[in-house]
Amino acid sequence: MADYIFTDLKKSGQRAVWATWAYAGAQVTFSFVHIYQNIVINRFLDGTAGVAELEQSDSVVIATSIGFLVILVAALCVNGRFLYLASRNAAAINDDPKMITPGWAVGWYFVPIANLWMPFKAMKQTWSRLIPSEAPPAWLGLWWFSWIGMSIFDRLLGRMPEPRELPEYIDYNTLFIISGFLWLIPAYFFARIVRTLAQTEHNPAEVFA
């Protein structure tokens, strides 16, 4: 069995909460940018806006997309580190070889098909070992259901062909607007998970038993 180090999760947990809400904020910002672009498109169709304003709205969407990707990568790194440390703490308390290892608690998120259930299984195992006094709550399932639902929804959006006509772009953008606001749901539940696990206290005898 590996020798796992127990780490105070408070600082990494706080960073993970910030990163989660930064990601959620980026999603909502993207929604507002698409609302703005829809307004410009409607004005162009009404004859009250010109080509220059359409091009400007495209530039705003592109710039926001770049910023969104930067925040996404940062959030993946920060939250991935927290998940690893939380799983490592769980292993330090109960190093059961049947449990998912800290590395795979993060790694399963990137494995196609298996990422539909293995990360959730890892989270439940981490929760059960860090908080043995209570079973994983029902809202843990709500987090995973909303995460998977939004991930699939966004994947389908990414595969949609861009419309060729401006009126069709309004409906196309509306799907991104809806997506951005719905991402607040899994973000809320994940931040709640992080705060709960980060604030869990353990005595030395339990950790080094």
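Residues numbered from 1 in each chain as written. Predicted model: local features only at pLDDT ≥ 70, side-chain atom pairs only at ≥ 80, totals over all residues. Heavy atoms only, no water.

Draft legend 1. Representation of the pattern of salt bridges in the model. Taken as a whole and assessed by the stated rule, the structure comprises one salt bridge. One salt bridge connects R43 with E53, and the closest N-O pair in it is separated by 3.0 Å. In this pair, R43 sits in helix α1 (residues 10-46) while E53 sits in helix α2 (residues 51-93), placing the two residues ten residues apart along the sequence. For R43, a relative accessible area of 33% translates into the label partly exposed. (Salt bridge = Lys/Arg side-chain N within 4 Å of Asp/Glu carboxyl O. Helix = DSSP H or I, 4+ residues; strand = E, 2+ residues; numbered from the N terminus. Buried < 20%, exposed > 50% of the residue type's maximum accessible area, 1.4 Å probe, protein only.)

Draft legend 2. Looking closely at unusual backbone geometry. Despite not being glycine, I113 shows a phi value in the positive range, around 70°. Take I113: it is sitting in the loop between α3 (102-107) and α4 (118-130).

Draft legend 3. Structural view of the packing of aromatic side chains. For the coordinates displayed, the defined rule picks out 17 aromatic pairs. Note on W139 and F189: the rings are 6.3 Å apart at their centroids and 15° apart in plane angle, and the pair reads as stacked. Taken together, the residues W139 in helix α5 (residues 138-159) and F189 in helix α7 (residues 184-198) connect sequence positions 50 residues apart. Linked through ring pairs, Y23, F30, F68, Y109, F120, W143, W144, W147, W183 and F190 together constitute an aromatic cluster. Just above the ring of W139 sits the side chain of R192; from NZ or CZ to the centre is 4.1 Å. (Phe/Tyr/Trp six-rings, centres within 6.5 Å; stacked < 30°, edge-to-face > 60°. Lys NZ or Arg CZ within 6 Å of the ring centre and 35° of its normal.)

Draft legend 4. Seen up close, a nonpolar patch on the surface. Taken together, the side chains of W21, F32, F181, L184 and Y188 define a hydrophobic patch exposed on the protein surface, amounting to about 460 Å² of accessible area. Along the polypeptide, L184 turns up in helix α7. Note on L184: relative accessible area 34%, which makes it partly exposed. (Patch = residues over 30% accessible without salt bridge, like charges linked within 9 Å, V, L, I, M, F, W, Y side chains within 5 Å. Areas by Shrake-Rupley, 256 points an atom, 1.4 Å probe, with all protein chains shown as cover.)

Draft legend 5. Here's a closer look at the environment of R43. Through-space distance from the C-alpha of R43 to that of E53 is 9.5 Å; in sequence the pair is ten residues apart. Not counting residues up to four positions away in its chain, the partners in contact with R43 are T48, A49 and E53. (Contact = heavy atoms within 4.5 Å.)

Draft legend 6. Examining the nonpolar core more closely. By size, the foremost hydrophobic cluster in this structure holds 28 residues, and its most contacted members are F82, M123, L130, W143 and L197. For this core, the elements supplying multiple residues, two or more each, are α1, α2, α4, α5 and α7. Broken down by element, this core gets its largest block of residues, seven residues, from α7. Filtering out sequence-adjacent residues up to four positions away, M123 remains in contact with L83, Y109, L140, W143, F190, I193 and L197. One finds V40, L157, Y169 and Y172 within the second-largest nonpolar core, a separate group that totals eight residues. (Core = buried A, V, L, I, M, F, W, Y, C linked by side-chain atoms within 4.5 Å.)

Draft legend 7. Local environment of the packing of α5 against helix α6 (residues 166-182). For the pair α5 and α6, the least separation of the axes is 11 Å and the interaxial angle reads 160°. Here α5 lies roughly antiparallel to α6, going by the angle between them. Regarding α5 and α6, the two cross each other, and that crossing is left-handed. In contact with M150, F153, D154 and L157 of α5, α6 contributes L175, F176, S179 and L182. Across the contact of α5 with α6, the residue classes tally to six nonpolar, one polar and one charged. (Axes fitted to C-alpha atoms, helices over the stretch in contact; angles between N-to-C directions. Parallel < 35°, antiparallel > 145°, perpendicular 65-115°, else oblique. Left-handed = near helix turned anticlockwise from the far one by under 90°. Nonpolar A, V, L, I, M, F, W, Y, C, P; charged D, E, K, R; others polar.)

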